[in-house]
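What follows is the residue order along each chain.
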Amino acid sequence: MMSAAGSPAASPSIQICRIMGPDDANIVGNVHGGTILKMIEDAGCIIGTRHCNTQTGDRCVAALARVERTDFLYPMFIGEVAHVSAEITYTSKHSVEVQVNVLSENILTGAKKVTNKATLWYVPLSLRNVDKIIEVPPIEYTSTESEELGKKRYEAQKLERMETKERNGEVITPVSFPERHTKEPYTVGFSQSSLIHLIGPSDCTLHGFVHGGVTMKLMDEVAGIVAARHCKTNIVTASVDAINFHRKIKKGCVITISGRMTFTSNKSMEIEVFVDADSLLETDKGKYRAVTAFFTYISLDKENKPLPVPPLKLEGEEEQKRFEEGKARYLQNKAKRLADKELKQ
């Protein structure tokens, strides 16, 4: 079900609702983080596309460029209803910022709670020419301050996207997958995992390029396998650091989603996930890095209470370097959470 409100000039908003079924959850009934990420992206794509087509000229589709850090505040379970609400909060000449809130509803008791908050960035691509970016109709802001804050967010994400792209470059860093039985438990090599998927029509937008939500769901699946292999317990997504979509993935491409453990704290683990694409038809273009992200997972007992995470055993300087970088991200995010908590008090 979807409801719409507002007008193109007055911060458009929509809401999508869906009951969570067994196909949406893991073996203990927790809804997959990837399922929620896909619903978030569906809402963002709808509102972004709708807004960008309120003007005359080329018809277009809003393509996902980036997802900011997303925290999973509470787990969602089979039988609960997910309410996904999305609102456009900033527009630049060629991009749209969409803020999304997710609530879970227990339909037996009526109890509701916020499970997720996310910020997504889209660019509108012409249906006639996928390489042509359409200008975005401006929205009306509630105040000059809200517009200035939006501009700051836009500049910050733009800079970070460029830095991330530079770090990845165009070179594919191979993630080796040795025979698992030869590796010691709790090492990077023991838990690292990959998934290969052929992009078909059902995965794609009107352009014939993969939906961002489909990619995020597959990334979460791989990250979840890595986390489960490391802990051997029930695991759930706790947060996702910024997901950057560097290049489009076309129908007919074979994508390889690779995940490896980079850092563990006492109660959380960080998994780095890459998506590499390889066209079956355009072999001259070669393989390329399409998407990158860091997922954070926690381990839970049978009562859904956090369990200690086994420490990661490091082998070599590269793993030590990635661990220290993950630790820095962990401490930075922890400090930010504490600062946000103090502001609310």
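Residues numbered from 1 in each chain as written. Predicted model: local features only at pLDDT ≥ 70, side-chain atom pairs only at ≥ 80, totals over all residues. Heavy atoms only, no water.

The condition is simple: UniProt positions are given in the numbering used here, feature names are shortened, and annotations may be inferred rather than shown by experiment.
Identification of the protein chain as palmitoyl-CoA hydrolase from Astyanax mexicanus is taken from an unreviewed UniProt entry. Of the comments in the UniProt record for the protein chain, the one headed Subcellular location (unreviewed entry) reads "Cytoplasm".

**Looking at the packing of aromatic side chains**
Each aromatic ring pair is characterised by the separation of its centres together with the angle its planes make. The condition that has to hold: Any Phe, Tyr or Trp ring, taking Trp's six-membered ring, that has another such ring centre within 6.5 Å forms a pair; planes under 30 degrees apart are called stacked, those over 60 apart edge-to-face, and the others tilted. We count a stretch as a helix when DSSP gives it H or I for four or more residues in a row; a strand needs E for two or more, and each element gets its number in order from the N terminus. Burial classes follow relative accessibility: with a 1.4 Å probe on protein chains only, a residue under 20% of its type's maximum area counts as buried, one over 50% as exposed, and anything between as partly exposed. Two limits define a charge over a ring: the Lys NZ or Arg CZ must be within 6 Å of the ring centre, and within 35 degrees of the ring normal.
Scanning all chains against the criterion turns up six aromatic pairs. With 6.5 Å between their ring centres and 70 degrees between their planes, Tyr90 and Trp121 make a pair best called edge-to-face. One end of the pair, Tyr90, is in strand β5 (residues 81-91); the other, Trp121, is in strand β7 (residues 112-126), with 31 residues separating them in the sequence. Summarising the burial analysis for this pair, Tyr90 and Trp121 share the class buried. A ring pair is formed by Phe263 and Phe323, whose centres lie 4.9 Å apart and whose planes are at 55 degrees; its orientation type is tilted. Of the two residues, Phe263 sits in strand β11 (residues 253-264) while Phe323 sits in helix α5 (residues 317-344), which places them 60 residues apart along the sequence. Judged by relative accessible area, which is 5%, Phe263 ranks as buried. You can call Phe323 buried: its relative accessible area is 15%. Through a chain of ring-to-ring contacts, three or more aromatic side chains come together here, namely Tyr90, Trp121, Tyr141 and Tyr154. Between the NZ or CZ atom of Arg247 and the centre of the ring of Tyr288, over which it lies, the distance is 4.0 Å.

**Focus on helix α4 (residues 212-231)**
The line we're drawing: Given the number of residues in a helix, its expected span is that number minus one, multiplied by 1.5 Å.
Given a rise of 1.5 Å per residue, 20 residues ought to cover 28 Å, and the 29 Å separating the end C-alpha atoms of α4 matches this to within 8%. The buried fraction of α4 amounts to 15 of the 20 residues, a majority that puts the element mostly inside the structure. Among the residues trailing α4, Lys232 stands out with phi positive, at a value near 60 degrees.

**Here we look at helix α1 (residues 33-52)**
If you check α1, its first and last C-alpha atoms are 28 Å apart, about what 20 residues at 1.5 Å a residue would give, namely 28 Å. Within α1, 16 of the 20 residues are buried, which leaves it mostly tucked inside the rest of the structure.

**Topic: the UniProt feature "domain: HotDog ACOT-type" (unreviewed entry) in the protein chain**
Residues annotated in UniProt with the feature "domain: HotDog ACOT-type" (unreviewed entry) correspond here to residues 10-128 and 189-303. In this annotation, residues 189-303 is assigned 20% helix and 45% strand; the end-to-end C-alpha distance for the span is 30 Å.

**Concerning the side chain of Thr187**
Operational definition: What makes two residues a contact is simply this: any of their non-hydrogen atoms within 4.5 Å.
Its place among the elements puts Thr187 in the loop between α2 (144-168) and α3 (188-191). You can call Thr187 buried: its relative accessible area is 1%. Setting aside residues no more than four positions away along its own chain, Thr187 makes contact with Leu312, Lys313 and Glu315.

**Some details on a nonpolar patch on the surface**
For clarity, the cut-off: Within the patch definition used here, like charges are joined within 9 Å and nonpolar side chains (Val, Leu, Ile, Met, Phe, Trp, Tyr) within 5 Å, considering only residues with over 30% relative accessible area and no salt bridge. In short, Shrake-Rupley with a 1.4 Å probe defines the accessible areas, and a residue's cover is counted only from the protein chains shown. Salt bridges are counted wherever a side-chain nitrogen of Lys or Arg sits within 4 Å of a carboxyl oxygen of Asp or Glu.
A surface patch of nonpolar side chains, about 350 Å² in accessible area, is lined by Ile19, Ile107 and Leu108. Note on placement: Leu108 falls in the loop between β6 (96-105) and β7.

**Regarding the side chain of Glu272**
Of note, Glu272 is situated in strand β12 (residues 269-279). Those residues in contact with Glu272 that lie beyond four places of it in its chain are Ser258, Gly259, Arg260, Thr262, Ala293, Phe294 and Arg322.

**A look at the domain arrangement of the protein chain**
Rules: Marked domain ranges trace back to an automatic or database domain assignment. Buried area: the accessible area, evaluated with a 1.4 Å probe, that two parts lose upon being put together, summed over both parts. Distance and chemistry together define a polar contact, namely a pair of N or O atoms within 3.5 Å, with one atom able to donate a hydrogen and the other to accept it when in protein, and with adjacent residues in sequence counting only for side-chain atoms on both sides.
Along its sequence, the protein chain is carved into domain 1 (13-143) and domain 2 (188-343). Here the C-alpha centre of domain 2 lies 20 Å away from the C-alpha centre of domain 1. Across the boundary between the two partners, domain 1 contributes 26 residues, which contact 27 residues of domain 2. Summed over both partners, the interface of domain 1 with domain 2 buries about 2,300 Å², with 60% contributed by carbon and sulfur atoms. Of the charged contacts, one joins Arg69 and Asp241 as a salt bridge, the two residues approaching to 2.6 Å between their closest N and O atoms. On inspection of domain 1 and its partner domain 2, the count reaches 14 residue pairs in polar contact (both at pLDDT 80 or more).

**Points about the pattern of salt bridges**
It is possible for side chains of opposite charge to pair when their charged atoms get near one another. Here the structure, examined in full by the defined rule, presents 18 salt bridges. A salt bridge links Asp58 to Arg128; the shortest N-O distance between them is 3.7 Å. Residue Asp58 is located in the loop between α1 and β3 (60-67), and its partner Arg128 is located in the loop between β7 and α2; the two are separated by 70 residues in the primary sequence. Among the ionic pairs, Glu160 bridges to Arg66, the shortest N-O distance being 3.2 Å. Taken together, the positions of Glu160 in helix α2 and Arg66 in strand β3 put the pair 94 residues apart, joining distant regions of the chain. Classification of Glu160 by relative accessible area gives partly exposed; the value is 35%.

**Structural notes on the environment of Ala242**
Mapping Ala242 onto the fold places it in the loop between β9 (234-240) and β10 (243-245). Residue classification places Ala242 among the buried positions, given a relative accessible area of 13%. Ala242 has contacts with Arg66, Val67, Glu68, Arg69, Glu160, Thr292 and Ala293, leaving out every residue within four places of it along the chain.

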